[in-house]
Amino acid sequence: MRRVPAVLIVEDEPAIAELISVNLRHSGFRPVWAMDSVTAQVELDAMLPDVILLDWMLPGESGLMLAKRWRTNPRTKEVPIIMLTARGDEPDRVAGLDAGADDYITKPFSTKEMLARIRALLRRRAPEQEATVVTMGQLSLDAATYRVTFDDQPVKLGPTEFKLLHYLMTHAERVHSRSQLLDQVWGDHVFIEERTVDVHVKRLREALGERAAAMIETVRGAGYRITTQGTGVPAMSSAS
Ligand code: CA
């Protein structure tokens, strides 16, 4: 299991954005580029990146204002922000950090330095990140945002199907009996029949669609497991 960290790049200069994107992709990140504050907000509503690279000078709303806004929003307040700025003088750095940026890089910067700073931020956040997002092949589940995607397409799940998929994905490749799943997913509900599990597995498969559903195997006489083996789904997700 491995997930590809997403980096939202908010940068109005295409050449710089392209340079950053190429370097991120080569280093195993998934870059998402937004060229202005409006697009950045649209992207942020659609996904929760692992890191935001935020240019200070943007047309319309400045990077500083965006950072302030994202810091006050409960959904985005934990996402690390690295400010990109052409200004290196002290008052601006302080303003950037005051606005909630975790770090800043002064342009022109080396991509090596940028990558090192991103990795340092991710290492600091690692314990939380590990606990919230799981990926198997093209299937990805974020427990913090309740988002499930397959092949980058959103999958709509009911709360029980979500919990069931979360449990299976965090305990992948192992076979779980119906009673184990009842204990783990439903909790200590002794009055629920085991066939309830079958009903929700069926719903889960329907919601996932044919390709992702193939990952959830019925093991005759034993129970269910989620696997990337023998389904044609690659075991590792690709960065590009
Ligand atoms: Ca700019």
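Residues numbered from 1 in each chain as written. Predicted model: local features only at pLDDT ≥ 70, side-chain atom pairs only at ≥ 80, totals over all residues. Heavy atoms only, no water.

Asker: Help me understand the sheet that holds strand E4 (residues 81-85), please; the structure alone is not making it clear to me.
Answerer: For sheets, the rule is that strands pair by backbone hydrogen bonds, running either parallel or antiparallel. Spatially, E2-E1-E3-E4-E5 is the arrangement adopted by the 5 strands of the open sheet, whose pairing is parallel. One side of each edge strand has no neighbouring strand; the edge strands of this open sheet are strand E2 (30-34) and strand E5 (103-106). On average, each strand axis in the sheet is tilted by 20° relative to the strand beside it, whichever way the strands run. As defined by bridge partners, E4 adjoins E5 across 4 bridges and the pair is classed as parallel. Its bridge partner lying in E5, Thr85 is registered against Thr106. (Pairing = 2+ DSSP bridges. Helix = DSSP H or I, 4+ residues; strand = E, 2+ residues; numbered from the N terminus. Axes fitted to C-alpha atoms, helices over the stretch in contact; angles between N-to-C directions.)

Asker: Hey, could you run me through the coordination of the calcium ion in this one?
Answerer: The textbook angles at a metal center are 109.5 degrees for a tetrahedron of four donors and 90 or 180 degrees for an octahedron of six. Looking at the metal site, the calcium ion is ligated by Asp12 (OD), Asp55 (OD) and Met57 (O), spaced 2.1 to 2.3 Å from it. Mapping the donors of the calcium ion onto the primary sequence gives the spacing D-x42-D-x1-M. We classify Asp55 as buried; its relative accessible area is 3%. (Donors = N, O, S within 2.8 Å, 3.2 Å for Na, K, Ca; no water. Buried < 20%, exposed > 50% of the residue type's maximum accessible area, 1.4 Å probe, protein only.)

From the geometry alone we can't say anything about function, so treat these as descriptive.
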